[in-house]
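A closer look at the structure
Residue strings, one per chain:
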Amino acid sequence: MSADTPPAVTDLLDAVRDAMEVPRPADLAHVTCQDRLRSRRAEYVCGVLVQITGNGDLDSGTRAVRSAPALLPVNYRVAGGGAR
């Protein structure tokens, strides 16, 4: 990131990265579950970004994006043991 990037933008980008980080399934049969989860989170994040574009409220948008993993949790066994 550039030193000129406002902290609120950096926080939003970090939140998007974290929301889109979906762990690998332990069983290859569940890769479709991983893909579906990533897709649902992407739809959610895009919806929040549209709202931010409309109202300019980065702080509430960032909080909404950070809630994506709780709203759309991993529902399969994660490779390497335990959930993240």
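Data block above holds the structure.
Here's a quick rundown of the structure. Just so you know, these numbers come straight off a predicted model, no measurement behind them.

Further remarks concern the side chain of Gln34. Tracing the chain through its elements places Gln34 in helix α2 (residues 31–55). Looking at Gln34, the relative accessible area reads 9%, which means it is buried. Among the polar contacts listed, one links the side chain of Gln34 to the backbone oxygen of Pro23, at a separation of 3.3 Å. Apart from residues lying up to four places away in sequence, Gln34 is in contact with Val22, Pro23, Arg24, Pro25 and Tyr76.

All right, on to the packing of helix α1 (residues 7–20) against helix α3 (residues 58–66) then. Running from N to C, α1 and α3 cross one another at 15 degrees; their axes reach a closest spacing of 8 Å. In terms of their interaxial angle, α1 and α3 are classed as roughly parallel. Handedness of the α1/α3 crossing: left-handed. Here Ala8, Val9, Asp11, Leu12, Asp14, Ala15, Val16, Asp18 and Ala19 of α1 lie close against α3, whose contacting residues are Leu58, Asp59, Gly61, Thr62, Val65 and Arg66.

Let's shift gears to the side chain of Thr62. With respect to the element layout, Thr62 can be found in helix α3. Setting aside residues no more than four positions away along its own chain, Thr62 makes contact with Ala8, Asp11, Leu12 and Ala15.

Helix length check: α2, at 25 residues, gives a terminal C-alpha distance of 36 Å against a target of 36 Å (1.5 Å per residue), a fit within 8%. Along α2, the residues that are buried comprise Cys33, Gln34, Leu37, Arg41, Val45, Val48 and Ile52. On its buried face, α2 sits against α1, α3 and α4 (68–71). At the exit of α2 stands Gly56, carrying a positive phi of roughly 70 degrees.

Conventions used here
Residues numbered from 1 in each chain as written. Predicted model: local features only at pLDDT ≥ 70, side-chain atom pairs only at ≥ 80, totals over all residues. Heavy atoms only, no water. Helix = DSSP H or I, 4+ residues; strand = E, 2+ residues; numbered from the N terminus. Buried < 20%, exposed > 50% of the residue type's maximum accessible area, 1.4 Å probe, protein only. Polar contact = N/O pair within 3.5 Å; in protein donor to acceptor, adjacent residues only side chain to side chain. Contact = heavy atoms within 4.5 Å. Axes fitted to C-alpha atoms, helices over the stretch in contact; angles between N-to-C directions. Parallel < 35°, antiparallel > 145°, perpendicular 65-115°, else oblique. Left-handed = near helix turned anticlockwise from the far one by under 90°. Expected span 1.5 Å × (residues − 1).

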